[in-house]
Structures are given as C-alpha cells and as structure tokens.
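# An overview of the molecular structure
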Amino acid sequence: MKRRKVSRIMSLFLALTMTSLLAAGCGQKSSPNGSADAPANAGNTDTGTSTSTSTSTTPTYKDTLTIAHWEEPTTLDPQAQGKMSCGAVTVQIYDTLITLDENKSPVPALAEKWEQIDDTTFRFYLREGVKFHNGDTLTAEDVRYTIARACTNPGSSSTYKSFDGENTKVIDDLTVEIKLKSPDASIFDTLNGQRGGIVCKRAVEELGEDAYGHAPVGTGPYKLAEWQTGTELRLVANENYWGETPKTPNIVFKIITESANRVIEMETGNADICLNVLASEVARLEEAEGLRVEMGTGYQYTTVTFNMQDPVLSDIRVRQALVFAIDREAIVNAVYKGTATVADSIMPTTLLGAKTYDPNLYDVEKAKALLAEAGYADGLTINFVVQPLEEMQRITEAIQNMWKQIGVETNVSTAEVAAYLAQGNTLQVGIRNGSASDPASTLIIYDSAFGDRLNSNNAELDKMLADAKGIYDVNERSAAYHEICDYLWEAKWSLPIAFKKTIYALSDKVEGFEFDAMNYLEMEKISVAE
Amino acid sequence: MLRFIGKRVLMMIPVLLGVSLIIFTMMYFTPGDAADMLLGDSATIEQKEQLRNDLKLNEPYLVQYINYMKGVLRGNLGTSYSTKRPVTEELLDRFPTTVKLAGAGVLLSLCFGVTMGIISATKQYSIFDNLATSFSLLGVSIPNFWLALMLIIIFAVNWKILPPSGLSTPLHWILPIISLGMNSTATIMRMTRSSMLEVVRQDYIRTARAKGQKELFVILRHALPNALIPIITVAGLQFGRLMGGAVMAETVFSIAGIGKLMVDAIKLQNYPIVQGGVLLIAFSTSIVNLIIDILYAFVDPRIRSQYIKPKKTQTAGKGAVTNA
C-alpha cells in the first residue's frame, strides 16, 4: 500500500519535471507573436535611431562594441594568413595603401596618389605624418618591407605571385615603387586585400615574425589592447588615427565557435553584431525581438568540381549528363532558404567579367541520353568526397539522389579538410566553397598549376587566364573574362551550385553599419545606442 | 610513505609513455596533414612540400616520435602549427580554467552528493530518499551536452537571468558547473548512499546509539569516516572524468579551456597541441590519483598503518587493524 503511494508520488514528480523542462524549452516560440512588427522592420537601418530618440532627446552611445566572432584568428600578422576570420580583425588594425570604392576603383588610403609608370611599375606617394600604434612614423621603407615579406611568406606568396618583392624599391621617405614580374590588373584588389595591411618594419624585426602575430603594430583605427586566447580580443581606438576618429572607443571580438551560441549571444543582448551568420539561423534571428538581419550578395560560391584527369569524367558527355541531372533550384531552395541564388555564371556575378547564362539546366531525359551515348547506359558509380560541413553534406545528399535517377550510383565519403585535400588525384567529384574579390583569384582553381581537385592540365585555358590577368583596361579585361566564362560554362569542368549571400545579425541599436561582402566591417563608423 | 609516493611517481612514467605513443600514432596515421590545413587550397604543391620540410613532417614515424619525446623530457612540447606559439604556453594559458571548472564540478558534486547520500541512507525509503534516488538516476542518465543546452535555453534565452557563454563574471560559472557536475553529483550521491547504508548497519554504530549519543554525532563521527574510502575513490575518478568532460562544457559554453583548445586543434590537425593536451590531462589525472591514494592514509588509520609498518611501529599498526 505504502509502496504504491510512493510510486504514484514519484511518477507525478517525474511528469512535472518533464513538463516544466519541455515548457521552458518551447516557451520561446510564443514570444514572437507579441513582436510581429519586428521582422517588418528588418533591414531598415533607421529603426534604431527613431526608437532610441523617442525615449531620450540625445541618445547616448555604448563605449564598447561587442562582436560575436565565429573563429579565433590564428595570427594578426596580415601577411601570414588569408583566412576571413583573421581578416575580420586585422582590417581594424591595419590600413592598406589604397581601398576600393563600390565600382572597384582605387581610392586613397595610406597612399594619397599613385601613378602607373609602365606595365609592371607602379609608384605610390604616401600620406605624410601617419603614425603606427607604437608611435613610429610610416615611411616608404615600411611599405617596401611589407611587399617584400608578402612575396616570401607562405601565407601570402601565392596571392603576391606576380609581385616582384626584390625589385620593389624606396624612392624617398614617402615614395615607393612597386614592381611586378608580369602585368597584373588585380594589383589594386591585392593591395586592398587583408594581406595588403602595411606592417611596421621595426616592430616585426624587434619582436620576430611569430611573436608579431600576437602583438600587431599597424596604422589602423584600432589597436590590439588584449588578447585572451580562446576567449576574446579587445581593441581600443587609436587616438592618433589619421582618418576620422572611431565612433566607439572599444571593440570586443568574442570568440564563439558554435553558431547556435552566437545566435544566443545576440538574442540575450550580449553581442551587438554577429558575423558570418549561417543560413539555417536566419529565420530564428529574424523572429527575435530587437534584432535585424542584413544580407547582401557577396563573393562566396559553392561549386561541384570534376577531376579532369579521371578516365570516366574526362568524357564531356558524362560531365554534361551529371550536370543536367541536378536540379539546382530545388537544392538551393532547400539548403539556403533564400540566402543564396542559383549560380547563373561560372563565378559570382558581383565579380568583374562574370557573364550570366540561363541557369535552367535541369533535364533528366537529356542526361540519360548523354550517358547512354557515352557508353554508360547500364549505369556508373562515382566517388564523391565531401567535407563535414552541414551545408555541403546536404547538397551532396541531394545530388546523390538526383544522380540515382539517371542510373549513377554515388559513393559519398566524408573527410576533414586536410584529409580531403590529401586525396588529391584519386577523388572523382568534389565540392568546394570559395570566396575572392577578384576574378583572377576566383578562377585560379581552373589553372593547371593549382592541381588539387580539378587537375585541369589545359594549356589553352591557362593562357587565357594569364592574359586576362594582365589587362589593365577594365572593359577589355571584362571581355576577356567573358570569354573564359563561355569556355568553362561549355566545358563543364565544374558545376557552380549557388552564389551565397553574406549575412550579419545586428542589434537594432547599431548605427552606421555598412554592409561588406567579406565580413570586413568598417567598425570605426559603427556606434551602438545605449 | 615517501617510498610509496616515489613508487607511484615512477609508475606514472610508463603510463605517460603509453599515452604519448598511442596519441602520437593516432595523429600520425590520420589522413591529411598540417601543411594542407595551414596553407589551405590556394597554395601550390611546392609551398606545401616546403612547409612539410620546415615542420619536419617528412621524417619517418619513429624519428618523429623520438624527437618529440626528447623535447617533452626537456619540457618542450613543440610549437603550435597555427599560432606559432610554444605549446606549453598555449596549454598553460588555458589549463587553470579547465582545472577550476573540473575542481568546481567535483566540489559541487561532493557538497550535494555527499549530503544527499547521507540523508538518503539515514532515512532509507522515505520520500526524500525516493526523490533523491530518482534524481540520481536522472543525473546519471541525462547526457551532459543535452543538459547544458537545456540550461542555456531555460536560464539564458527564455528567462535571461544567466549569461549563455564565456566565464568573465562569477555568474558565468553557474551553468557550466551545473552541467558538468550534475553527473558526478548523482554518482557520488549513489556511492555515498550505498556505502553509508552498509556502515550504519554495523554493530559499532548500534553500540554508539546505545550509549545514548546524538544521531547526528553518530552519523558524522562514527559512520561517515568509515564510509569515506569509496566516496574519495569515486570523487578522484570523477575529477579525471571531468577534466575530459570539460571538452563538452567548454565547447557548448565557449570557454577557453584545454578541452576547447584540443577540439579546435583536432579540426586543424594541429598535432603538437593535441599531443600536449592529452599528455597534460593524463598527467594531471595521474597526479590526482596519487593524491587520492595519499588521502586514503589520512582518512583510514588501517591504510596509514601499512605505510608506517617498515618504521618499527608494527604492533601499533596491527592493533589498529584488529580493533577496527
């Protein structure tokens, strides 16, 4: 009797615990009803100001801007690394010689003006009186030193391949002459990139290359105050900055590697801006009160690559069949949910010279016919290697099912990036993510020297790529890339799947935000209302 | 006693050698290497080869292992591939956080686990005992990471009373410690309960009660010390487990400890950090076990007497054993 009573109490207790946990877990869903107007305001930059002015006449601003950062930078030495997670921080610390405006034309930064002397020589005239964070004055020697180390440091030498570091020379204290080994129209894009940050020669030499990466000295609007490894990076405004004084005196980059945790930081108001938001988190962020999502077309793409040295895939009919069997629209809708578009060119259409085509390639019957014509009427088995990223795995699963319709079996194996790259020549089909702001760097995967997954070994395209890179006239260069796009769109060495948007989440109180396709925000212009 | 400690310290050497060999071999045979990872796919084959030479990745397996162990003996665990900082520096930056987390977890589970265990045992089959037993069943069965996520959703997202990640203020510690300590609280509670139940049934406890001593005094003075040995053993094991379990809490709560450092390093195939981290965790677990063994002697005169035996106090020692 007593026992039964106890067990009844126990089950009641257990049931209560479970219900309360469930209720607490699901409770969040009920709140968006109360804030139905929040998503309607999303994207409107002015909402923050209008709401804050209604409560007080002179809005006060926070002295610290908190950023939820997705990955800890490995180093803050701009020439040692090209990862976006490093660049998001280094662009606050360093300045480049020039920057690019919205039309991709160079505008003055550390260099006030410049001239092109011949096809391979550029002369830059530096701004006077620019101070490094350690008090040193910027000289032409610092610029020469930066270019020279960019050419030799393994972290940036492939980007600076056409730069001639040895013959780049100082003309006088404020004039530097940059030499190229061969004409390179992407010079301004390279100089504007994160690897183009001008370092202080004395600081690098005194600290040594490796230590410098953790104690960077630049001329930028912010300087590194403290780096708690694995936790956060604290930056303070550079009081001697040559440009406009930064709006917010401190920036904290919180390192939060789990994407769900970054969203939670935003929802709880512990961060003001979240970088590199994943497509899967957008709906939840848009629903949240007091937040907005900003996205725009960037340079990121996802493409399926075929190994051109593989005996089966070197037959264009097989590649065409594989391409025509993929319903890209269905994939993009399912995986990216409105944060990407179906690829209608070989490279993102934001790039110079990206020619667009009819994206509608899906035709199962045609695919079957082509496969039969190539001698694989009975089917075929393909090895597909994918990195353990959710997005890529979902795309791969979809492709696997679509290829089944035309009788192609796909063996999918998952490999971490390093293992993936190590497979080199043996893999047949791969999938890659990429992002670069100049067509020359985006198309580098099609170059024979690149090897890797495509193994193109095609002298004709190599020449087309090299030629296009050396054309300084924008229109001519664009035409050259149109030709390359035509070539690649026909040859089907790859199938671009999607062009992805860059996504940010912001608190409604953030003002002065300007979208950047690479997550390299101009933090000095941003302020956050209290 | 010193001889015993010396012997235990010597026994740690083969353990650590074994651990280092296993982890080194596993990392060595993982496909892909740091050169691919560090330079990414925009680097040429020559650049990668150059870096492989610089990092001495091209040397044979045994040569690499022996070189590594030589370094370890000199206190040099190598250099992190990604940040280029010495591994010892990277590890020591983060070690205190992990130790504090694991320590706080064990402390929490000792406080709650032992208290609840004692009450459960003395009031066997009462409502409290049943509640506590079912709590401990829940505690043992709930996966840590799930509990951590639930705690974040409830306390940080919905109620907004505790911060979801990081460790910057005391408030930040609450959720990670609870999610880390829940499991061991339950384990320690169960162990305390069963160990106490055994002891309270013994004759000498009845004698103590018969002498008219207060129940609280009987339990705390007579029963608990005799029930402590298994509890201490479990608590020691839990500390080692929590050092490893911190990987989970550190990842979910974005805490910069050894666990998160290692998870990130594994993703980057940053061997020196992974090897150093595993060695450090193995080393600290061995040290904790050693401390536990020494603690036995302080808690239990029977064990203490065995150490003292060689020092000509045999009779006293033997006496203690027979008396008990």
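Parameters and conventions
- Residues numbered from 1 in each chain as written.
- Chains lettered and ligands numbered in written order.
- Predicted model: local features only at pLDDT ≥ 70, side-chain atom pairs only at ≥ 80, totals over all residues.
- Heavy atoms only, no water.
- Helix = DSSP H or I, 4+ residues; strand = E, 2+ residues; numbered from the N terminus.
- Buried < 20%, exposed > 50% of the residue type's maximum accessible area, 1.4 Å probe, protein only.
- Contact = heavy atoms within 4.5 Å.
- Areas by Shrake-Rupley, 256 points an atom, 1.4 Å probe, with all protein chains shown as cover.
- Pairing = 2+ DSSP bridges.
- Axes fitted to C-alpha atoms, helices over the stretch in contact; angles between N-to-C directions.
- Parallel < 35°, antiparallel > 145°, perpendicular 65-115°, else oblique.
- Left-handed = near helix turned anticlockwise from the far one by under 90°.
- Nonpolar A, V, L, I, M, F, W, Y, C, P; charged D, E, K, R; others polar.
- Patch = residues over 30% accessible without salt bridge, like charges linked within 9 Å, V, L, I, M, F, W, Y side chains within 5 Å.
- Salt bridge = Lys/Arg side-chain N within 4 Å of Asp/Glu carboxyl O.
- Disulfide = S-S within 2.5 Å.
- Phe/Tyr/Trp six-rings, centres within 6.5 Å; stacked < 30°, edge-to-face > 60°.
- Expected span 1.5 Å × (residues − 1).
- Arc of directions from axis to C-beta.
- Polar contact = N/O pair within 3.5 Å; in protein donor to acceptor, adjacent residues only side chain to side chain.
- pLDDT = per-residue confidence, 0-100.

## Re the overall build of chain A
A tally of helices and strands in chain A yields 18 helices and 19 strands. Across the 530 residues in chain A, those meeting the buried criterion constitute 53%. Partitioning the intrachain contacts of chain A with sequence separation of at least 6 by distance along the chain shows that 70% fall at a separation of at least 24. Counting only carbon and sulfur atoms, one obtains 49% of the accessible surface of chain A, whose full area is about 22000 Å².

## Notes on the sheet that holds strand S4 (residues 111-118) of chain A
All names here are of chain A. Judged by pairing direction, the sheet is antiparallel, and its four strands sit side by side in the order S4-S5-S7-S6 without closing on themselves. Unpaired on one side and paired on the other, S4 and strand S6 (163-172) mark the two borders of the sheet. Adjacent strand axes in the sheet meet at a mean angle of 20 degrees, parallel and antiparallel pairs treated alike. Set on the sheet, helix H5 (residues 140-152) makes contact with strand S5 (121-126), S6 and strand S7 (175-180); between it and S6 the angle comes to about 175 degrees.

## Description of the packing of helix H17 (residues 459-469) of chain A against helix H18 (residues 474-491) of chain A
Residue and element names in this part refer to chain A. Contact geometry for H17 and H18: axes closest at 9 Å, N-to-C directions at 160 degrees. On the basis of their axis angle, the class for H17 and H18 is roughly antiparallel. For the pair H17 and H18, the sense of crossing is left-handed. Within the contact between the two elements, H17 uses Glu460, Leu461, Met464, Leu465, Ala468 and Lys469 and H18 uses Arg477, Ala480, Tyr481, Glu483, Ile484, Tyr487 and Leu488. A class-by-class count of the residues in the contact of H17 with H18 yields nine nonpolar, no polar and four charged.

## Considerations on the environment of B:Phe29
Residues and elements named next belong to chain B. Within the fold, Phe29 resides in helix H1 (residues 2-29). For Phe29, a relative accessible area of 57% corresponds to the exposed category. Separated by 229 residues in the primary sequence, Phe29 and Ile258 have C-alpha atoms spaced 23 Å apart.

## What about a nonpolar patch on the surface?
Together, B:Met1, B:Ile291, B:Leu295 and B:Phe298 make up a nonpolar patch on the protein surface, roughly 380 Å² of accessible area in all. With respect to the element layout, B:Phe298 can be found in helix H12 (residues 271-299).

## A closer look at the packing of helix H6 (residues 127-141) of chain B against helix H8 (residues 170-200) of chain B
Residues and elements named next belong to chain B. Close contact between H6 and H8 brings their axes to 8 Å; oriented N to C, the two are set at 135 degrees. Considering the angle they form, H6 stands oblique to H8. Judged by the sense of rotation from one axis to the other, the crossing of H6 with H8 is left-handed. Contacts between H6 and H8 involve Asp129, Ala132, Thr133, Phe135, Ser136, Leu137, Gly139 and Val140 from the first element and Met182, Asn183, Thr185, Ala186, Thr187, Met189, Arg190 and Arg193 from the second.

## Some remarks on the state of the cysteines
Under the counting rule described, the total for this entry stands at zero disulfides over all chains. Between A:Cys86, a cysteine without a disulfide, and A:Cys274, which holds the nearest cysteine sulfur, the sulfur-to-sulfur distance is 18 Å.

## Points about the pattern of salt bridges
All names here are of chain B. Considering all chains together, one arrives at 32 salt bridges over all chains under this definition. Among the ionic pairs, Arg193 bridges to Asp129, the shortest N-O distance being 2.8 Å. One end of the pair, Arg193, is in helix H8; the other, Asp129, is in helix H6, with 64 residues separating them in the sequence. With respect to class, Arg193 is no different from Asp129; both count as buried. Bridged by salt links that share partners, the residues Arg85, Glu89, Glu90 and Asp93 form one connected network.

## Considering the environment of B:Arg206
Position of B:Arg206 relative to the elements: it lies in helix H9 (residues 203-210). With 127 residues separating them along the chain, B:Arg206 and B:Thr79 place their C-alpha atoms 63 Å apart.

## Topic: the packing of aromatic side chains
Under the definition given, this model contains 21 aromatic pairs over all chains. An angle of 50 degrees between the planes, with centres 6.2 Å apart, marks the rings of A:Trp114 and A:Phe188 as tilted. Placement of A:Trp114 in strand S4 and of A:Phe188 in helix H6 (residues 187-192) is noted, with a sequence separation of 74 residues between them. According to the relative accessible area criterion, A:Phe188 is buried, its value standing at 17%. Summarising the aromatic geometry, the rings of B:Tyr28 and B:Tyr61 are spaced 5.0 Å apart at their centres and angled 65 degrees between planes, so their arrangement reads as edge-to-face. Of this pair, B:Tyr28 sits in helix H1 while B:Tyr61 sits in helix H4 (residues 61-73), and the two are 33 residues apart along the sequence.

## Considering H4(B)
Along an α-helix, a turn takes 3.6 residues, which lines up residues three or four apart on a common side. Residue and element names in this part refer to chain B. Over its 13 residues, H4 extends 19 Å from the first C-alpha to the last, a length consistent with the 18 Å expected when each residue adds 1.5 Å. Three or more residues of H4 are buried, namely Gln64, Tyr65, Tyr68, Met69 and Gly71. Buried residues of H4 fall within an arc of 155 degrees about the axis and therefore sit on the same side. Facing away from the buried surface of H4 by more than 90 degrees, the exposed residues are Leu62 and Leu73. On its buried face, H4 sits against H1 and H12. Where H4 terminates, the next one or two residues include Gly75, which has phi positive at roughly 80 degrees.

## A few points about the pairing of strand S1 (residues 64-69) of chain A
All names here are of chain A. Here S1 lies mainly inside the structure; five of its six residues are buried. For S1 and strand S10 (residues 250-255), the ladder comprises six bridges, and the chain directions are parallel. Within S10, the residue paired with Ile67 across the bridge is Phe253. Here two bridges tie S1 to strand S11 (residues 273-274), and the two strands are oriented parallel to one another. The residue of S11 that forms the bridge with Ile67 is Ile273.

## Thoughts on the side chain of A:Thr442
Residue and element names in this part refer to chain A. Within the secondary structure layout, Thr442 lies in helix H16 (residues 439-442). Thr442 gets classed as buried once you look at its relative accessible area, which sits at 4%. Only 3.5 Å separates the side chain of Thr442 from the backbone oxygen of Ala436, close enough to count as a polar contact.

## Some remarks on the confidence of the model for chain A
Averaged over chain A, the pLDDT score is 86; the fraction of residues at 70 or greater is 87%. Considering only residues more than four positions removed or in separate chains, one finds that residues 21-56 of chain A, a stretch of pLDDT under 50, has 31 contacts.

## Here we look at the confidence of the model for chain B
Residue and element names in this part refer to chain B. Summary statistics for chain B give a mean pLDDT of 84 and a share of 91% for residues scoring 70 or more. Predicted confidence for residues 311-324 stays below pLDDT 50, and this span has six contacts to residues more than four positions away or in other chains. Across the interfaces of the predicted complex, the ipTM metric reaches 0.74, alongside a pTM of 0.80.

## Examining the environment of A:Ile406
Residues and elements named next belong to chain A. Following the sequence through the fold, Ile406 ends up in the loop between helix H14 (390-404) and strand S15 (408-414). Separated by 101 residues in the primary sequence, Ile406 and Ser507 place their C-alpha atoms 48 Å from one another. In this structure Ile406 touches Ala321, Ala325, Val364, Ala367, Lys368 and Leu371, once residues within four positions along its chain are discounted.

## Details of unusual backbone geometry
Among all residues save glycine, negative phi is the norm, and among peptide bonds the norm is trans. All names here are of chain A. Positive phi values are uncommon outside glycine, yet Lys492 reaches one of about 55 degrees. Positionally, Lys492 belongs in the loop between H18 and strand S17 (494-507). The exposure class of Lys492 is buried, given its relative accessible area of 7%.

## Structural notes on the pairing of S6(A)
All names here are of chain A. Pairing analysis gives five bridges linking S6 to S7, with the strands arranged antiparallel. Within the sheet, the bridge partner assigned to Lys169 lies in S7 and is Glu177. Linking S6 to S7, which pair antiparallel, is a turn of two residues.

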